[in-house]
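# Breakdown of the fold
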Amino acid sequence: MRQNKFHSSNATIALTSLGMRIRRLRKSKKWSLTDLQERTGVHRTTLSRLELGHPGVTIGAMAAVLETLGILSDLELLVIKDESTLHQNEQVPHLDPNF
């Protein structure tokens, strides 16, 4: 795997922790990687890389998995909530909890 010079040890820990959480949730539903692939449209190889914490998984693939597992709202934690950093007429998007 090619090393990204901007990839810190903290990022590695965060991605690995997220991958472990995704694997636990998948297994708690008794889904195989193939089951998750069928539900998300994300290839098994990509799902495996996500569960292992590889940094090259796209945010789109990650969002599909998080949505399927019922934790897409966790992405809101990444949204900047400090409205003073927004440009005029710009609003922070929020996920629809009923979606």
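Residue indices begin from 1 for each chain and proceed along its sequence in written order. Residue-level local features of this predicted model are given only where pLDDT is at least 70; pairs of side-chain atoms are given and counted only at 80 or more, and the full residue set underlies all totals for whole chains, interfaces and linings. The side-chain figures draw on all heavy atoms in the structure; neither hydrogens nor water molecules are used.

Any N or O atom pair separated by 3.5 Å or less is treated as a polar contact, with the protein-specific requirement of one donor-capable and one acceptor-capable atom, and with residues adjacent in sequence counted only for side-chain atom pairs. Strands are runs of DSSP state E lasting at least two residues, helices are runs of H or I lasting at least four, and both sets are numbered from the N terminus onward. Two or three places before Thr34, at the start of helix α2 (residues 33–40), stands the capping residue Ser32, its side-chain oxygen 3.3 Å from that residue's backbone nitrogen. Positioned one or two residues after α2, Gly41 has a phi angle of 80°, which is positive.

Attention now moves to the side chain of Thr40. Residue placement: Thr40 occurs in helix α2. Residue classification places Thr40 among the buried residues on the basis of a relative accessible area of 16%. Looking at Thr40, its side chain comes within polar contact range of the main-chain oxygen of Leu36, at 2.8 Å. We call two residues contacting when some pair of their heavy atoms lies within 4.5 Å. In contact with Thr40, not counting residues within four places along its chain, are Leu47, Ala64, Val65 and Thr68. Buried, partly exposed and exposed residues are distinguished by accessible area as a fraction of the type maximum, computed with a 1.4 Å probe on protein chains only: under 20%, between the cut-offs, and over 50%, respectively.

Moving on, we get to the nonpolar core. Nine residue types can take part in a nonpolar core, namely buried Ala, Val, Leu, Ile, Met, Phe, Trp, Tyr and Cys, and a core is a set of them joined through side-chain atoms within 4.5 Å. Counting residues in each nonpolar core, the largest one holds 16 residues, and the members touching the most others are Ile22, Leu50, Val65, Leu66 and Leu69. Secondary structure elements with two or more residues in this core: α3 (44–52) and α4 (59–68). Leave out the neighbours within four places in its chain, and Ile22 touches Leu50, Glu51, Val65, Leu66 and Leu69.

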